[in-house]
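# Reading the structure
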Amino acid sequence: MLKLTRLSKKFLRGKQNVTVVDDVSFSIEKGEVLGLIGESGCGKSTLAKMILRLIPSSSGQIYFKGEDITHKKTKNLARSIQIVFQDPFSSLNPLLTIEQILKEPTQIHGLPHRVDELLGLVKLSPSLKKRYPHELSGGQRQRVGIARALALKPDLLVCDEPVSSLDIPIQAQILNLLVQLKETLGLTLLFITHDMDVVRYIADKVIVMDQGKIIREYSNLLLCKEELDMEILQRTSPSESLPAYQT
Ligand SMILES: Nc1ncnc2c1ncn2[C@@H]1O[C@H](COP(=O)(O)OP(=O)(O)OP(=O)(O)O)[C@@H](O)[C@H]1O
Ligand SMILES: [Mg+2]
């Protein structure tokens, strides 16, 4: 479904070129959930933005369903790849109602609106349609962010820390919703987080990023439970961990 080969991103900082994503290669198969984990600042969001073509890559290739999309325009990718951002408050236009927010993508692409259907998918009442983002709870706002990402029926959803800004019980609800949507809609997910418990709950495969590079890949989470637990001990403080999930 998605294949990155030797993808890199350099930013100019002062007079120096700093490599933020360094020679990253991986692939995600259809229907798979790939967890991408790494500490703050290691380049996760930069990688996500390159996949969405929100920023250009410095070198390397991005293939989607076999097509080289490295230089494709974001608008032309929108029906294939979408993103759910960490903070739904800053990613939803505060001047638009929920209905207007959910109509926007289909309007831009000249497609029929799906507002009620989208609200149903993310288990929100249609009565919220006339409200503005600030009139919703954090969890409800993130459900709107997910609904908006689904408006054009994408194949691949990139989730950039979609639950990090939420309270822990709400995190579990949103994770469950994403798992259900993945099953019912046959989505493929790239799930970015710095929380190993979240990744272990949701992902089929995990890659660990450090300072722009992929330093480890776990392709069978059942077989490598002990190694992953070590990774949790080393990388996350207990206060950041989620309670154990039932799988
Ligand atoms: N437009 C930019 N110009 C220059 N440097 C940037 C730019 N965007 C990001 N960076 C730098 O690139 C590095 C990686 O940032 P990025 O946002 O990808 O990290 P991240 O892994 O998503 O972190 P977090 O977990 O905190 O979200 C950081 O050092 C950041 O300061
Ligand atoms: Mg980030």
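Check the entry above for the structure.
Every value quoted in this text rests on a predicted model; they were computed, and no experiment measured them. (Residues numbered from 1 in each chain as written. Chains lettered and ligands numbered in written order. Predicted model: local features only at pLDDT ≥ 70, side-chain atom pairs only at ≥ 80, totals over all residues.)

### Let's talk about the sheet that holds strand E4 (residues 59-64)
Note the threshold: By definition, two strands form a pair when at least two bridges between them are found by DSSP. Counting from the N terminus, the helices are the DSSP runs of H or I reaching at least four residues and the strands are the DSSP runs of E reaching at least two. Here, residues touch in the contact sense if the C-beta positions derived from the backbone fall within 7 Å of one another. Between N-to-C directions, angles cover 0 to 180 degrees, with each direction set by a line fitted to C-alpha atoms, over the stretch in contact for helices.
Strand order in the open sheet formed by 4 strands is E2-E1-E4-E5, with antiparallel pairing between adjacent strands. The open sheet has two free edges, formed respectively by strand E2 (16-28) and strand E5 (67-68), since each of these has just one partner strand. Across 9 bridges, strand E1 (residues 2-13) lies against E2 in antiparallel orientation. Residue pairing across strands places Lys9 opposite Val21, the latter belonging to E2. Packing of helix H1 (residues 44-51) onto the sheet brings it into contact with E1, E2 and E4, and relative to E2 it is tilted by some 65 degrees.

### A short note on the nonpolar core
Inclusion rule: To define a nonpolar core, we join buried Ala, Val, Leu, Ile, Met, Phe, Trp, Tyr and Cys residues through C-beta atoms within 7 Å and take the resulting set. To assign burial, the other C-beta atoms lying within 10 Å of each residue's own C-beta are counted, with C-beta atoms placed from the backbone; 20 or more indicates buried, 12 or fewer indicates exposed, and intermediate counts indicate partly exposed.
Ranked by size, the top nonpolar core spans 61 residues in total, and within it Ala147, Val158, Leu190, Phe191 and Ile202 carry the most contacts. Apart from the residues within four sequence positions on either side, Leu190 is in contact with Ile28, Leu34, Leu36, Leu156 and Val158.

### Examining the sheet that holds strand E10 (residues 213-218)
Reading across from one edge, E6-E7-E8-E3-E9-E10 is the order of the 6 strands in this open sheet, with mixed pairing throughout. The open sheet terminates on both sides in strands that have one partner only, identified here as strand E6 (81-84) and E10. Strand after strand, the sheet turns through a mean of 20 degrees between neighbouring axes, direction not considered. As defined by bridge partners, strand E3 (residues 33-38) adjoins strand E8 (residues 188-193) across 5 bridges and the pair is classed as parallel. Of the residues in E8, the one forming a bridge with Val33 is Leu189. Against the sheet, H1 touches E3, E6, strand E7 (156-160), E8 and strand E9 (205-210), its axis set at about 155 degrees to E7.

### Digging into helix H6 (residues 138-150)
The condition that has to hold: Expected span of a helix, by definition, is 1.5 Å for each gap between consecutive residues, and there is one gap fewer than residues.
Here H6 spans 19 Å end to end across 13 residues, near enough to the 18 Å set by a 1.5 Å rise per residue. Among the 13 residues in H6, 11 count as buried, and that is most of the element. Of the positions making up H6, those classed as buried are Gln140, Arg141, Gln142, Arg143, Val144, Gly145, Ile146, Ala147, Arg148, Ala149 and Leu150. Next to the buried residues of H6 lie E6, helix H3 (88-91), helix H4 (98-108), helix H5 (115-121), E7 and helix H7 (168-185).

Note that all results are geometric; they support no functional claim without further evidence.
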